[in-house]
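Working through the structure, step by step
Residues per chain are reported as follows:
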Amino acid sequence: MDNLRLLLSAIAVVLLAVISSPSVHKFLPLNQLSLRGGEVADLVVVNGTIYTSDAAFPFADSMAIRGGRILRVGNSSSMQAEKVYLGRLSLLVCLDRDLAGSGTRTLNLQGKLVVPGFIDSHVHLIYGGLQMAQVQLHGVNQKDQFVNKVKEALSYLQPGTWLQGGGWNNDLWGGEPPVASWIDDITPHNPVWLMRMDGHMGLANSLALDIAGISKTTVDPEGGTIMRNSIGEPTGLLIDSAMKLVMSCIPEVSVEERREALLRAANYALTRGVTSVVDLGRYLPGASPELSWEDFSDVYKWADLSGKMKIRVCLFFPMETWTRLHELITQAGRKLSPWIYLGGMKSFADGSLGSSSALLYEPYVDEPLNYGLQVTDTDMLYNMTLSSDKAGLQVAVHAIGDRANGLILDLYKSVASENGMRDRRFRIEHAQHLAHGAVTRFGEQEVIASVQPDHLLDDADSARKKLGVERADGESYLFHSLLAGNAQLALGSDWPVADINPLGSIKTAVKRVPPGWTEAWIPSERISLSDALNGYTISAARSCFLDEDIGSLSPGKMADFVVLSVDSWDKFAAEASASVEATYVGGSQAYSKSLNKDL
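Report on the accompanying structure. None of these values were measured; they are calculated from a predicted model.

1. Description of the overall build of the protein chain
Along the protein chain, the regular secondary structure elements total 19 helices and 26 strands. Every one of the 599 residues in the protein chain was classed for burial, and the buried ones make up 55%. Intrachain contacts of the protein chain at a sequence separation of at least 6 include 71% that bridge at least 24 residues. Accessible surface computed for the protein chain: about 24,800 Å², of which carbon and sulfur atoms make up 51%.

Written out as structure tokens, the structure reads:
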């Protein structure tokens, strides 16, 4: 008995010493946790399974929240004691009194599963919100349906008004791309611009081509292509930087429309359990680099100051404007508020596979003379990356084709060598097709692979047609291989290219079964449920330097979490299927399925 008392006393001394340690204070300030019950929780979450995305304490059944942050995460016991997670220290300690006070609310999960709020690592948030109010062509699989959608949308427009929309995917109706003649007869008085789902190709009607001055004699701009028929006349399709010829003629969206788009997009994201996003802005090939900055000043700052922000955003800006972001961060820091973080710089190496503009080492099987497009000149891209990195800014570059990914890996290696060692967390957005040897370089060079699993649902069939079965199956969406090579995966949607739907995307990463298929595409590249969840939580947070605030349900972090419909981790792991019951941001309910049955 004396030995037991001595042991318990020693444990108590060690516990108090550790809690008093400056290193623990750094991880979790004492004003956010008191073993003597000095802190009373605003909300206590109990009676469920909580997946924390924290490797030190992956599962719990209860959680206490105060002031929008997590106070404590633990597992209840029947002996009036609690296994409490204090930062990186887990101990069984006796509590002098409960965390709950007279004003404490209790959320009884009734056995349901809770996960950290999802972080979508790649969206175009305001662009997606704008598209929600335009003609929607997602899922259209016939020419007649395409034309009818345009005709229906015209009924709401005055003559002379631009008709905009997007989301079409020509692979759904056999691969033939649309042309202006499809819609010219029904749009004689309205210019039309309809973006392909990937954002790298758009269709203009003949009136829009006339307004833009595009004719048989117009020269293809660098990094873009004007598609032409057999006699050289423009068909209406513009690829990558050629899109700017029409887009520059479209009247700018009003500030009020963009503000409404943000609120619309945020509300939609919350229904999918998304509490934070990495927003790459309205910056697409052919678009003005000023759009992202206008959205920052006119929309995001307005929403923050007026209390209208509903999800957290990490903003990336066009890389040619790196000096502006560097000056802003120098003056204000990266964290402008609990809602807005300044991320880094974004640029493009190539186009997309669906538009046959992804940059490849070998030509497209169905276009033997086409190797894709390099959207940005190599020297220009290198110099911008070198300068951005030297200024301490994070860099993200879009690369889809195998040659584009190799180009950016080489470029990142040269920049790191030139500027010296530091925690830079270079990102490659998409990392979709990787040649032999490229996979291991992500881990070796500590380059983050920011990938979008749901893209493989659209690409499985078309990739085989465009690349051939051997090449497509050997280098496409290599999620498991990247993880095996110690690379960090950050998962996202690329919304509005694909739906903003983390649970659907997680299932895709785990199962990899495209529509119409009965078996997985490249089954060896499936990943586990926990790896997929981490890709939408802690790994996503690390990928944009936000892992001290979000990404896991750990003491001191923001209390952003999602209640799922499932009540069994094992069943969830086996089926990878669930839906969102409720979304909490900063400990407050931001969405409830039971209160929003119409959404």
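2. Concerning the pairing of strand E1 (residues 43–46)
Pairing of E1 with strand E8 (residues 105–108), which is carried by 4 bridges, proceeds in the parallel orientation. By the bridge assignment, Val44 is partnered in E8 with Thr106. Judged from the 3 bridges that link them, E1 and strand E4 (residues 62–66) form a sheet pairing that is antiparallel. Within E4, the position partnered with Leu43 by the bridge is Ile65.

3. Things to note about the packing of aromatic side chains
One pass over the structure, following the stated rule, counts 18 aromatic pairs. Their ring planes at 50 degrees and their centres at 5.8 Å tell us that Trp173 and Trp182 sit as a pair that is tilted. Note on Trp182: relative accessible area 9%, which makes it buried. Among the aromatic residues, ring-to-ring pairing joins Tyr51, Phe59, Trp569 and Phe572 into one connected group. When the ring centre of Trp339 is taken as origin, the NZ or CZ atom of Arg312, which lies over that ring, is 5.0 Å away. Above the ring of Phe479, the side-chain terminus of Arg512 is found at 5.4 Å from the ring centroid.

4. Notes on the pairing of strand E17 (residues 274–279)
Most of E17 sits out of view: 6 of its 6 residues are buried. Both strand E10 (residues 118–123) and E17 contribute to a ladder of 4 bridges, which runs parallel. Pairing of Asp120 across the sheet is with Val277, part of E17. Relative to strand E18 (residues 312–318), E17 is paired through 4 bridges, and the arrangement is parallel. Each bridged residue has a counterpart across the sheet, and for Val277 the counterpart in E18 is Val313.

5. Some remarks on the pattern of salt bridges
One pass over the structure, following the stated rule, counts 19 salt bridges. Where Asp410 meets Arg441, a salt bridge forms, and the shortest distance between an N and an O atom there is 2.8 Å. With Asp410 in helix H11 (residues 402–419) and Arg441 in helix H12 (residues 438–445), this residue pair connects regions lying 31 residues apart in the sequence. Put simply, Arg464 and Asp473 hold a salt bridge, and the shortest N to O gap is 2.7 Å. Linked by salt bridges that have partners in common, Glu252, Arg258, Arg282, Asp295 and Asp298 make up one network.

6. Topic: empty space enclosed by the protein
Taken as a whole and judged by the stated rule, the model has 6 cavities of 30 Å³ or more. Considered as a void within the structure, the largest cavity measures approximately 170 Å³ in volume. Looking at the largest cavity, it is lined by 19 residues, and the ones nearest its centre are Asp198, Ser352, His455, Asp459 and Val497. Ranked by the residues each element gives to the lining of the largest cavity, the list is headed by helix H13 (residues 455–467), at 3 residues. Of the residues contributing to the lining of the largest cavity, the split by class is 5 nonpolar, 8 polar and 6 charged. Space inside the second largest cavity adds up to approximately 90 Å³.

7. A few points about the sheet that holds strand E22 (residues 448–451)
The 8 strands are arranged E10-E17-E18-E19-E20-E21-E22-E23 in an open sheet whose pairing can be described as parallel. Each of the sheet's edge strands pairs with one partner strand only, and the pair in question is E10 and strand E23 (489–491). Within the sheet, the average angular offset between the axes of one strand and its neighbour, ignoring direction, is 25 degrees. The strands that helix H8 (residues 290–305) touches are E17, E18 and strand E19 (340–348); relative to E18, the one it contacts most, it runs at about 160 degrees.

Here is what the cut-offs are and how they apply
Residues numbered from 1 in each chain as written. Predicted model: local features only at pLDDT ≥ 70, side-chain atom pairs only at ≥ 80, totals over all residues. Heavy atoms only, no water. Helix = DSSP H or I, 4+ residues; strand = E, 2+ residues; numbered from the N terminus. Buried < 20%, exposed > 50% of the residue type's maximum accessible area, 1.4 Å probe, protein only. Contact = heavy atoms within 4.5 Å. Areas by Shrake-Rupley, 256 points an atom, 1.4 Å probe, with all protein chains shown as cover. Pairing = 2+ DSSP bridges. Phe/Tyr/Trp six-rings, centres within 6.5 Å; stacked < 30°, edge-to-face > 60°. Lys NZ or Arg CZ within 6 Å of the ring centre and 35° of its normal. Salt bridge = Lys/Arg side-chain N within 4 Å of Asp/Glu carboxyl O. 1 Å grid on protein atoms, 1.4 Å probe; cavity = no way out; pocket = protein on both sides within 12 Å on 5 of 7 lines; lining within 4 Å. Points joined across faces, edges and corners; volume = space filled by probe spheres on them. Nonpolar A, V, L, I, M, F, W, Y, C, P; charged D, E, K, R; others polar. Axes fitted to C-alpha atoms, helices over the stretch in contact; angles between N-to-C directions.

On their own, these measurements won't tell you what the molecule is for.
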